Amino acid sequence: MTLRHTTLLAALAGATLLSACAPLLLGGAAVSGALMATDRRTSGAQVEDQGIEFKGESRLKTALGDRAHLNVTSYNRTALITGEVATEADRQVAENVVQGIENVKAVVNEATVAGLSSLTSRTNDTIIASKVKASFVDAKDLQANSIKVVGERGIIYLMGRVTEREANRAAEVARGVSGVQKVVRVFEIISEAELKALQPEPKAKPAQPAQ
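Residues numbered from 1 in each chain as written. Predicted model: local features only at pLDDT ≥ 70, side-chain atom pairs only at ≥ 80, totals over all residues. Heavy atoms only, no water.

Provide a residue-level description of unusual backbone geometry, including the pertinent values.
Here Arg 77, not a glycine, exhibits a phi torsion of approximately 75°, which is positive. Its location among the elements puts Arg 77 in the loop between β3 (69-75) and β4 (78-85). Classification of Arg 77 as partly exposed rests on a relative accessible area of 24%. Backbone geometry places Asn 103, a non-glycine residue, at a positive phi of 80°. Along the chain, Asn 103 turns up in the loop between α4 (88-99) and β5 (106-109). (Helix = DSSP H or I, 4+ residues; strand = E, 2+ residues; numbered from the N terminus. Buried < 20%, exposed > 50% of the residue type's maximum accessible area, 1.4 Å probe, protein only.)

Tell me about the sheet that holds strand β7 (residues 147-152), and name the residues and values.
Strand order across the open sheet formed by 3 strands is β7-β8-β9, with mixed pairing between neighbours. Pairing within the sheet leaves two strands with one partner each, and these edge strands are β7 and β9 (182-189). Averaged over all pairs of adjacent strands, the angle between their axes in this sheet comes to 15°, without regard to strand direction. Both β7 and strand β8 (residues 155-162) contribute to a ladder of 6 bridges, which runs antiparallel. Pairing of Ile 147 across the sheet is with Gly 160, part of β8. Of the strands in this sheet, β7 and β8 touch helix α5 (residues 119-138), which is tilted by about 155° from β7. Lying on the sheet, helix α6 (residues 164-175) is in contact with β7, β8 and β9; it crosses β9 at an angle near 160°. (Pairing = 2+ DSSP bridges. Axes fitted to C-alpha atoms, helices over the stretch in contact; angles between N-to-C directions. Contact = heavy atoms within 4.5 Å.)

I'd love a proper account of the environment of Val 162, names of residues and values included.
Along the polypeptide, Val 162 turns up in strand β8. Setting aside its immediate chain neighbours within four residues, Val 162 contacts Arg 40, Ser 146, Ile 147, Ala 167, Phe 187, Glu 188, Ile 189 and Ile 190.

Any chance you could break down the side chain of Glu 53 for me, citing the residues and the numbers?
As for its position among the elements, Glu 53 is in helix α3 (residues 43-64). Overall, Glu 53 belongs to the buried group, its relative accessible area being 16%. A distance of 2.9 Å separates a polar atom in the side chain of Glu 53 from a polar atom in the side chain of Lys 148. (Polar contact = N/O pair within 3.5 Å; in protein donor to acceptor, adjacent residues only side chain to side chain.)

Requested: an account of the nonpolar core, with residues and values cited.
Judged by nonpolar contacts, the single largest core of 21 residues is most densely connected at Val 132, Phe 136, Ile 147, Val 149, Ile 156 and Leu 158. Among the elements of the structure, α5, β7, β8, α6 and β9 are those that each provide at least two residues to this core. For this core, the element with the highest residue contribution is α6, accounting for 5 residues. Setting aside chain neighbours within four positions, we find Phe 136 in contact with Leu 142, Ala 144, Ile 147, Val 149, Leu 158, Ala 170, Val 173 and Ala 174. Of all hydrophobic cores here, the second largest spans 16 residues; its members include Ala 68, Ala 94, Val 97 and Val 104. (Core = buried A, V, L, I, M, F, W, Y, C linked by side-chain atoms within 4.5 Å.)

Go over the pattern of salt bridges with me, naming the residues and quoting the values.
Summed over all chains, the structure comprises 16 salt bridges. Between Arg 77 and Glu 48 there is a salt bridge; the shortest N-O distance is 2.4 Å. Taken together, the residues span a long stretch of sequence, with Arg 77 in the loop between β3 and β4 and Glu 48 in helix α3 at a distance of 29 residues. Glu 188 is paired through a salt bridge with Arg 161; the nearest N and O atoms lie 3.2 Å apart. Note that Glu 188 is positioned in strand β9 and Arg 161 in strand β8, a separation of 27 residues in sequence. Through salt bridges with shared partners, a single ionic network connects Asp 39, Arg 41 and Asp 49. (Salt bridge = Lys/Arg side-chain N within 4 Å of Asp/Glu carboxyl O.)

Next comes the structure, spelled out in structure tokens:
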């Protein structure tokens, strides 16, 4: 692995463990504002997604306590539930709790009825997700910051507003990463025309002085 890849993976892994509100620092410069500006969600949706994630995990902890390990990841108001619960009844409780959060428009319940995952397993998932994200950065035909990556028990979940072409390519890249057992697409599919409309207008080149 090159020094560039190692540095990038370390930054991405660190960012995953930090609060969603904290800016990611690369080369000493805060880039959270830049990432927000190039995100395919509106700024309002981004703020609401952060609120959904915070409220979701807090309310699930209150409702289920230590008998569940659950994460809530929201993208454009679609909430993804991952992790483990003790019973099918608890799984339904989790879905109802998240569905009741303001601004949630859809819930994708991927919680598994199983024993709680170990700290080692969770750390491994973070590393694998970071590798997938790094692979998206290396792929010149993908916009890495437009895809959210969630790792759980070796399964990679992909979220974002992407075209069918981008969705297929992202899934292909993710499957090629060591440690990935399965890829689940939780994308919001948009057309190529919609994607073009989301792209920033290219800056005009400055006029050259007359010779």
